[in-house]
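Coordinate inspection notes
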Amino acid sequence: MQDSPPAGALVVGIDVGGTKTHLRALAGDTTVAELVRPSEGWRPHDPVAAARWLAALIADALPAGARPAAVAVGAHACETELQCARIRTALGPHVDAPALVVGDAELLVPAAGLDKGVGLVAGTGSVAVGRLSDGRSVQVGGWGAVLGDEGGAAGLVREAARAVWAAHDRGEEPDALARGLTGAFGVAEVPGLCAALEAASSPSAEWGRHAPAVFAAAAEGSRLAATVIAEAGRSLAALVARLGARGVPVGDVVVAGGTILAQPALYDAFTTALAESFPGTRTHPLSAPPAQGAVALARTLL
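Now for a quick tour of the structure. (Residues numbered from 1 in each chain as written. Predicted model: local features only at pLDDT ≥ 70, side-chain atom pairs only at ≥ 80, totals over all residues. Heavy atoms only, no water.)

Turning to the overall build of the protein chain, a few remarks are in order. Regarding its fold elements, the protein chain presents 13 helices and 10 strands. At 21 Å, the protein chain has a C-alpha radius of gyration in line with the 19 Å of a compact globule built from 302 residues. Dimensions of the protein chain, computed from the C-alpha atoms along their principal axes, are close to 70 × 40 × 30 Å. Residue burial in the protein chain is summarised as follows: out of 302 residues, 48% are buried. For the protein chain, the proportion of contacts with a sequence separation of at least 24, taken over those separated by at least 6, is 66%. Accessible surface, the protein chain as shown: approximately 13800 Å² in total, 53% of it carbon and sulfur. Positive and negative side-chain charges of the protein chain, numbering 22 and 29 respectively, have mean locations separated by a distance of 5 Å. (Helix = DSSP H or I, 4+ residues; strand = E, 2+ residues; numbered from the N terminus. Rg over C-alpha atoms; globule rule 2.2 N^0.38 Å. Buried < 20%, exposed > 50% of the residue type's maximum accessible area, 1.4 Å probe, protein only. Contact = heavy atoms within 4.5 Å. Areas by Shrake-Rupley, 256 points an atom, 1.4 Å probe, with all protein chains shown as cover. Lys, Arg positive; Asp, Glu negative; His and termini not counted. Charge placed at Lys NZ, Arg CZ, Asp CG, Glu CD.)

The following block contains the structure:
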């Protein structure tokens, strides 16, 4: 890494994800720093600790003597504007520059090069965000595997288990979905799924990792699995509909998340359902790293 940054305003964009953090710093079109590291130690509900963590990350990434002109952070588990504002305030003593802290899903729209629209994430969980005409952020979904996250990996597994239990209660023979789930959770029969799911200490992660079994079952012809996936697509489209009902522009939807982008069946179910609610809405699978969205936001602060 070079000793000093090139000419131009140095902006720092940071994407703090659930598992990894990506910092990108640019001066003009020149990359000054690029750093990816685990998000271990990130404590978003402790603003002082979160600010110190971010300040240490910036110090580690930038060349000696480099001073950012603006910093923008998209932060995992930064769930309200008040929480994000507290982190931004706590960051002030560490960064002598304008700073912005938002939820990590808010990076998607600027990362796609758009000025407005919806950012939709369907990974382990699911959430959608957008902004009103007055600039206020609106977030829907993201309520965790036990209560929500429909369309995310954990929600898919939860709903698949419910479908399998219902089929069992109707006296149906186990199909590919039932066999896939019992195999994934290591239980001998469908009733054993209940204890297996309830035993999870971290439902989002532990349920979510079995989502491939749902898609495999659908590929084998399971009607139950196909129905679960179709309903998941409708649930994701419903998140966009909720934002639209609250006044968020929904003409463009930027889609990210390891589950929906890796599973064409879910992506197709989502776009089909979305077209029924909002004909003409454009969907954009995110190809740029979210950190690029943080860079774009940082530049708006100059």
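For the rest of this paragraph, the subject is the state of the cysteines. Cysteine pairs can be linked by a disulfide, which is a covalent bond between their two sulfur atoms. Taken as a whole and assessed by the stated rule, the structure comprises one disulfide. The residue that forms a disulfide with C78 is C84, at a sulfur-sulfur distance of 2.1 Å. In terms of burial, C78 and C84 fall into one category: buried. (Disulfide = S-S within 2.5 Å.)

Moving on: the sheet that holds strand β7 (residues 126-131). The strand order β8-β7-β6-β9-β10 describes an open sheet built from five strands, whose pairing is mixed. Each end of this open sheet is capped by a strand with a single partner; those strands are β8 (137-141) and β10 (282-285). Taken over all neighbouring pairs, the strand axes of this sheet differ in orientation by 20° on average, direction set aside. Contacts from helix α12 (residues 264-277) reach β6 (118-122), β9 (252-256) and β10 within the one sheet, and its direction differs from that of β10 by about 160°. (Pairing = 2+ DSSP bridges. Axes fitted to C-alpha atoms, helices over the stretch in contact; angles between N-to-C directions.)

Time to look at the pattern of salt bridges. The full count for this structure, using the stated rule, is 13 salt bridges. A salt bridge links E231 to R234; the shortest N-O distance between them is 3.0 Å. Linking E231 with R234, this pair stays in helix α10 (residues 223-245), spanning three residues, or about one helical turn. A relative accessible area of 42% means that R234 is categorised as partly exposed. One salt-bridge network, held together by shared partners, links E150, R158, E159 and R162. (Salt bridge = Lys/Arg side-chain N within 4 Å of Asp/Glu carboxyl O.)

So, about unusual backbone geometry. Look at A77: it is not a glycine, yet its phi comes out positive at around 65°. Tracing the backbone through its elements, the reader meets A77 in the loop between β4 (70-75) and α2 (81-91).

Moving on to α10. For α10, built from 23 residues, the straight-helix expectation of 33 Å at 1.5 Å per residue is met to within 8% by its first-to-last C-alpha distance of 32 Å. Along α10, the residues classified as buried are L224, A225, V228, I229, A232, G233, S235, L236, A237, L239, V240 and L243. Capping the start of α10, S222 holds a side-chain oxygen 3.4 Å from the backbone nitrogen of L224, two or three residues further along. Positive phi appears at G247, one or two residues downstream of α10, with a value of about 100°. (Expected span 1.5 Å × (residues − 1). Polar contact = N/O pair within 3.5 Å; in protein donor to acceptor, adjacent residues only side chain to side chain.)

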